[in-house]
Amino acid sequence: MHTDTNGNTTAPATPLRLLREPEARSLAGGMGRTTFRDQIRAGELPPPVKLTERCSAWPAHELESITRARVRGESRDAIRALVADLVRARGAARHGWIN
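Keep in mind the model is a prediction, meaning the values are calculated, not measured. Sequence order as written defines the numbering, with residues in each chain counted from 1. The model is predicted, so local features are restricted to residues of pLDDT at least 70 and side-chain atom pairs to those at 80 or more, both for listing and for counting; the totals for chains, interfaces and linings are taken over all residues. Computation of side-chain values covers all heavy atoms of the structure but excludes hydrogens and water.

A.B. asks: How would you summarise the overall build of the chain if you had to cite specific residues and measurements?
C.D. replies: Each helix is a run of DSSP H or I of at least 4 residues and each strand a run of E of at least 2, with the numbering of both proceeding from the N terminus. The helix and strand inventory of the chain stands at four helices and five strands. What you see in the chain, going N to C, is helices and strands ordered as β-β-β-α-α-β-β-α-α. In the chain, buried positions account for 30% of the 99 residues. Any two residues whose heavy atoms approach within 4.5 Å at even a single point are treated as in contact. Sequence-distant contacts in the chain: of pairs separated by 6 or more residues, those separated by 24 or more amount to 51%. A total accessible area of about 6400 Å² is found for the chain, and carbon and sulfur atoms account for 51% of it. Partly exposed residues are those whose accessible area sits between 20% and 50% of the maximum for their type, while under 20% is buried and over 50% is exposed, using a 1.4 Å probe and protein chains only. A 1.4 Å probe and the Shrake-Rupley method give the accessible areas. Residues count as covered only by the protein chains that appear here.

A.B. asks: Please give an account of the sheet that holds strand 4 (residues 49–52) that cites residues and values.
C.D. replies: Taken in spatial order, the three strands line up as 3-5-4 in an open sheet, and their pairing is antiparallel. The open sheet has two free edges, formed respectively by strand 3 (18–19) and strand 4, since each of these has just one partner strand. Strands qualify as paired when DSSP identifies two bridges or more between them. With two bridges connecting them, strand 3 and strand 5 (residues 55–59) associate as antiparallel partners. Looking at the pairing, Leu 19 lines up with Trp 58 of strand 5.

A.B. asks: Can you lay out the environment of Arg 25 for me, pointing to particular residues and giving the numbers?
C.D. replies: Topologically, Arg 25 is positioned in helix 1 (residues 21–27). On the basis of relative accessibility, which here comes to 18%, the residue Arg 25 falls in the buried class. The spacing of Arg 25 and Thr 35 is 10 residues in sequence and 9.3 Å in space, taken between C-alpha atoms. If near-sequence neighbours (up to four positions away) are discounted, Arg 25 is found in contact with Gly 30, Met 31, Gly 32, Arg 33 and Phe 36. Identification of polar contacts relies on pairs of N or O atoms within 3.5 Å, with a donor-acceptor requirement for protein atoms, meaning one able to donate a hydrogen and the other able to accept it, and with residues adjacent in sequence counted only if both atoms are side-chain atoms. A distance of 3.3 Å separates the side chain of Arg 25 from the backbone oxygen of Met 31, its partner in a polar contact.

A.B. asks: Give me the packing of aromatic side chains: which residues, what numbers.
C.D. replies: For Phe, Tyr and Trp, rings pair up if their centres lie within 6.5 Å, where Trp contributes its six-membered ring, and each pair is then called stacked (planes under 30 degrees apart), edge-to-face (over 60) or tilted (otherwise). Within this structure, the stated rule accounts for one aromatic pair. Measuring from ring centre to ring centre gives 5.1 Å for Phe 36 and Trp 58, while their planes differ by 70°; the resulting arrangement is edge-to-face. With Phe 36 in helix 2 (residues 33–41) and Trp 58 in strand 5, this residue pair connects regions lying 22 residues apart in the sequence. Of the two residues, Phe 36 and Trp 58, neither departs from the other in class, the shared state being buried.

A.B. asks: Run through the environment of Glu 23, naming residues and quoting values.
C.D. replies: Locating Glu 23 in the fold gives a position in helix 1. We classify Glu 23 as partly exposed; its relative accessible area is 41%. C-alpha of Glu 23 to C-alpha of Trp 58: the two residues are 35 residues apart in sequence and 9.3 Å apart in space.

Set out below in structure tokens:
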């Protein structure tokens, strides 16, 4: 995510890269499936984007942002706030609110 001088969040400048669950788990710290899904339920990782009825994936830039925040030592509350912002930005992009 990028923030312009007016404080607006914009989509990443690079092409969107979507990760299926095994690669998403690896990027999120190499956690197992149960831990990964528990983190989603806890709001500490974003839910997947539904691509088709049977196919879901995670935007790589979201997981990278969360991993960077964890490396910086951000609190669990700060991580949850970041996840909420990232998920909210998905809706804004879908409705054309973000360029």
